[in-house]
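Below are the chains, spelled out letter by letter.
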Amino acid sequence: MTNLDLARLFQRLATMLEIDGANPFRVRAYREAARVVESQAEPIEALAGEPKRLEELPGIGKDLAQKIRDVVATGSTALYDEMKAKVPEEIVALTELQGLGPKRVKTLMERLQIHSRQDLEAAGKTGRLRELPGFGEVLEQKILKALAATREASGRRLLAEVWAVAHGLAEHVAKTRGVQQVEIAGSFRRRRETVGDLDLLAAGGDPEAVMKAFTTHPEVADILGLGDTKSSVRLASGLQVDLRLIPPESFGAALLYFTGSKQHNIQLRRIAIEKGMSLSEYGLARGAKQVAGRTEEEVYRALGMSWVPPELREARDEIERAIEGRLPSLVDLSDLRADLHMHSDRTDGRESLETMVRAAKARGHGYCAITEHSKALPMLKGFDEARVRRSVDEVAAVRQRVPGIRVLHGLEVDILADGALDLDDDTLALLDWVVISLHTRLGQPGPEITARVLRALAHPRVSVMGHPTARMIGGREPAAFDMERALEEAAARGVLMEINAQPDRLDLNDINARMAHTKGVKMVISTDAHSVAQLDNQRYGVFVARRAGLEKGDIANTLPYEQFMEALRRARPGGASAGGARGATTTAAKETPAAARARGKAARGKAARGAKARPARRKSR
DNA sequence: GCCGTTTTCGGCCCGACTGTTTTCAGTCG
Ligand SMILES: Nc1nc2c(ncn2[C@H]2C[C@H](O)[C@@H](COP(=O)(O)OP(=O)(O)OP(=O)(O)O)O2)c(=O)[nH]1
Ligand SMILES: [Mg+2]
Ligand SMILES: [Mg+2]
Ligand SMILES: [Zn+2]
């Protein structure tokens, strides 16, 4: 049972308890346990086997720890079975409909024996909902409308998918007369990989005029709520957008509130209470006296801590660190100097190798790697050994034609079902940069795929593991290998891990990247671009890194070229890059060691020196 | 149900909008 499965069960149990009328704080405890379980990098299953480990998690005490152990062992726990008899599991999903919370769902269940969306729709269509206490005609219509909307239209979306519309709406609101400031807040500002809605914050202007401008935007299909300080709309695409309007003197406190996360807000508010104050979106106050509120910094400072970057506001350990002044100095997009995972039309990319290299250079990169697929993916024209040999000259030619950027001759080599690599060692030796990836047999059971990954990571020519789990957001589940062991192996062997920046991959994700960091693994942020436009996705990878709390020094492709190659040589003395990729048009006269090997010449000298300079780190395990 | 250099009991974040509530509960952010 994965952490996500466990979290979902406790989330469901919380709602069942809530519908049953349980103490709201008890309900909150179950929700909090679900959140904590979901945010753990290590499998809870494993922790459950060791004494006291679960109880060490915040928000999980004796009781919840035991219930988690029950679920891990048997798939359920007595309370869950008991609640299931009272509150059918299917009922829980009804609370996702707007306007239906635990109380009304309880009424539906008890008065009309409604158990499913179908039951609810039938009752609505025959006008039976409006009769119920706490219901009415308006709500009945609202429910019918919510039922008609597809799950997809109202579900979460990729951050990249809403990037443009978010900025468009913010600009629209900002143009309204009198409006002084507009920010996109919520999960968007925290750069979560998906967002449930958009949350806009504005200050200044006449409330009526601002709300009117907002709700009459051409994309707005439906107005869900309309007040003086807060309105909600649904766009034609189904995306919900909330606008909060606040006086300028409260803008910082409001931005803090509206950025969240909810749990971060609650923790800050508790600290305010401890200090004899009260925090809301209007400001931090001692009694009737405003203490802070114009800027976020002001509020954090008044609470005794430093400003927390939005990406870290997830109620993990950021408040503790902000108090102690131990917040990381997060990596920034402008720190990146390379893109080390790119495809061209030689395999499944859209543009030529030269076009991709020029585009990487135009984005300010000092070096890049071209990494076509290998032969395990014949549909994508994956390279076999002969094709790699021809590629050596193709890359050399591009180095000639595009001065000012170093080009690593790389490949994205498939990890075969047994953990062997898709190309022979002599061929791998032609490469400056070896990305290894899982693309096939992703459904292998945990032990099998763990062994497969560990074997692949142990290959001396490997530079980096690409999109490690192969998950697709909203699609494929992550491969079931033991990430902790894989990261330990990578750390011991100096293999890098990729943070793949494709908006629907983001792999490693923030949780795994955080664990990688604690294991001492360095990472690279790469776009895996199949077109020039996709080179701009790098920022989404940076967001993942920032959410993981990573600094510039944790990301290898922030290094200048020479230092990057030197670090690779040190970390991978037997590796693909042992000799260094010397090819660039500026030094085109010099042959790269890889190229030399390609023509059967010895390039032993440089590789050996690299190895001698610093032996491989080997961590005992 | 969790938690604790103020507590092992008694707190647990705080505010906006809606509809039917005949004075505010329910839901949501
Ligand atoms: N203090 C407090 N703030 C809340 C609460 N619920 C939401 N907020 C704040 C923090 C949230 O980040 C912000 C926006 O609410 P959303 O429901 O849109 O959540 P968020 O954007 O974080 O995630 P999302 O991707 O939309 O699901 O409002 C709450 O119960 N208490
Ligand atoms: Mg939101
Ligand atoms: Mg919202
Ligand atoms: Zn791939």
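The rules behind each value
- Residues numbered from 1 in each chain as written.
- Chains lettered and ligands numbered in written order.
- Predicted model: local features only at pLDDT ≥ 70, side-chain atom pairs only at ≥ 80, totals over all residues.
- Heavy atoms only, no water.
- Near = heavy atom within 4 Å.
- Polar contact = N/O pair within 3.5 Å; in protein donor to acceptor, adjacent residues only side chain to side chain.
- Nonpolar A, V, L, I, M, F, W, Y, C, P; charged D, E, K, R; others polar.
- Domains from an automatic or database assignment.
- Donors = N, O, S within 2.8 Å, 3.2 Å for Na, K, Ca; no water.
- Buried < 20%, exposed > 50% of the residue type's maximum accessible area, 1.4 Å probe, protein only.
- Contact = heavy atoms within 4.5 Å.
- Buried area = accessible area lost by both parts, 1.4 Å probe.
- Salt bridge = Lys/Arg side-chain N within 4 Å of Asp/Glu carboxyl O.
- UniProt positions renumbered as here; feature names shortened; annotations may be inferred.
- Helix = DSSP H or I, 4+ residues; strand = E, 2+ residues; numbered from the N terminus.
- Expected span 1.5 Å × (residues − 1).
- Arc of directions from axis to C-beta.
- Pairing = 2+ DSSP bridges.
- Axes fitted to C-alpha atoms, helices over the stretch in contact; angles between N-to-C directions.

### Remarks on the site of ligand 1
Link 1 in the chain: Neighbouring ligand 1 are 15 residues, the closest being Arg-156, Ser-187, Arg-190, Gly-196 and Asp-197.
Link 2 in the chain: Within the side chain of Asp-199, an N or O atom sits 2.9 Å from an oxygen atom of ligand 1.
Link 3 in the chain: Here Thr-259 contributes a backbone N or O atom positioned 3.3 Å from an oxygen atom of ligand 1.
Link 4 in the chain: Residue classes in the shell around ligand 1 are distributed as 3 nonpolar, 6 polar and 6 charged.
Link 5 in the chain: Both domains that furnish three or more residues to the shell around ligand 1 are identified here as domain 2 (157-245) and domain 3 (250-324).

### Observations regarding the coordination of the zinc ion (ligand 4)
Link 1 in the chain: Bound to the zinc ion (ligand 4) are the protein donor atoms Glu-412 (OE), His-439 (NE2) and His-467 (NE2), situated 2.1 to 2.2 Å from the metal.
Link 2 in the chain: In this structure Glu-412 comes out as buried when scored by relative accessible area, which is 1%.

### Notes on the domain arrangement of chain A
Link 1 in the chain: Taken domain by domain, chain A holds domain 1 (3-152), domain 2 (157-245), domain 3 (250-324) and domain 4 (333-601).
Link 2 in the chain: Listed as interface residues are 6 residues of domain 3 and, on the opposing side, 6 residues of domain 4.
Link 3 in the chain: Both sides together, the interface formed by domain 3 and domain 4 hides about 560 Å², and carbon and sulfur atoms give 39% of it.
Link 4 in the chain: On the domain 3 side of the interface with domain 4, the three residues burying the most area are Glu-311, Leu-312 and Arg-316, jointly 81% of the side's total.
Link 5 in the chain: There are 4 salt bridges connecting domain 3 and domain 4.
Link 6 in the chain: We note a salt bridge from Asp-510 to Arg-316, for which the minimum N-O separation is 3.5 Å.
Link 7 in the chain: At the junction of domain 3 with domain 4, the criterion picks out 3 residue pairs in polar contact (both at pLDDT 80 or more).
Link 8 in the chain: Each residue belonging to the side of domain 3 that touches domain 4 can be placed in one class, and the counts come to 2 nonpolar, no polar and 4 charged.

### What to know about the UniProt feature "domain: DNA-directed DNA polymerase X" (unreviewed entry) in chain A
Link 1 in the chain: What UniProt calls "domain: DNA-directed DNA polymerase X" (unreviewed entry) maps, in this numbering, to residues 1-314.
Link 2 in the chain: A helix fraction of 51% and a strand fraction of 15% characterise residues 1-314, whose end C-alpha atoms lie 24 Å from each other.

### Considerations on the side chain of Arg-346
Link 1 in the chain: By the secondary structure assignment, Arg-346 is in the loop between strand 11 (338-339) and helix 19 (353-362).
Link 2 in the chain: For Arg-346, a relative accessible area of 11% gives the class buried.
Link 3 in the chain: The contacts of Arg-346, once residues within four sequence positions are left out, are Leu-353, Ile-370, Glu-372, Lys-381, Phe-383, Arg-387, Ser-391 and Glu-394.

### Side note on the protein's contact with DNA strand B
Link 1 in the chain: Around DNA strand B sit 48 residues, and of these Arg-28, Gly-61, Gly-136, Leu-226 and Arg-269 come closest.
Link 2 in the chain: Sugar and phosphate atoms form 75% of the subset of DNA strand B atoms that lie within 4 Å of the protein.
Link 3 in the chain: The backbone of Lys-103 places a nitrogen or oxygen atom 3.2 Å from a phosphate oxygen of DNA strand B.
Link 4 in the chain: Taking Arg-104, its main chain carries an N or O atom lying 2.9 Å from a phosphate oxygen of DNA strand B.
Link 5 in the chain: Split into classes, the residues belonging to the surface near DNA strand B amount to 18 nonpolar, 13 polar and 17 charged.

### Digging into helix 10 (residues 137-148)
Link 1 in the chain: Counted at 1.5 Å a residue, the expected span for helix 10 with its 12 residues is 16 Å, and the 17 Å between its end C-alpha atoms agrees.
Link 2 in the chain: All of the buried residues along helix 10 are Leu-139, Glu-140, Ile-143, Leu-144 and Leu-147. Within helix 10, the buried residues cover an arc of 140° as seen down the axis, which keeps them to one side. Looking at helix 10, the residues exposed on the side facing more than 90 degrees away from the buried face are Glu-137, Val-138 and Ala-148.

### Digging into the coordination of the magnesium ion (ligand 3)
Link 1 in the chain: For the magnesium ion (ligand 3), the full set of protein donor atoms is Asp-197 (OD), Asp-199 (OD) and Asp-242 (OD), at a range of 2.0 to 2.3 Å.
Link 2 in the chain: Written as a sequence motif, the donor arrangement for the magnesium ion (ligand 3) is D-x1-D-x42-D.
Link 3 in the chain: Between the magnesium ion (ligand 3) and the magnesium ion (ligand 2), a spacing of 3.5 Å is present, and a bridge between the two is formed by Asp-197. With Asp-197 in the loop between strand 3 (194-195) and strand 4 (198-204) and Asp-242 in strand 7 (residues 240-246), this residue pair connects regions lying 45 residues apart in the sequence. Of the two residues examined, Asp-197 and Asp-242, each falls in the buried class.

### Observations regarding the sheet that holds strand 9 (residues 283-286)
The strands that make up a sheet are held in pairs by hydrogen bonds between backbone atoms, and each pair lies either parallel or antiparallel.
Link 1 in the chain: With respect to topology, 3 strands assemble into an open sheet ordered 8-9-10, the strand pairing being antiparallel. Two strands lie at the open edges of the sheet, namely strand 8 (278-280) and strand 10 (289-292), each paired on one side alone. Direction aside, neighbouring strands of the sheet carry axes that sit 35° apart on average.
Link 2 in the chain: In this sheet, strand 10 lies alongside strand 9 in antiparallel orientation, the contact comprising 3 bridges.

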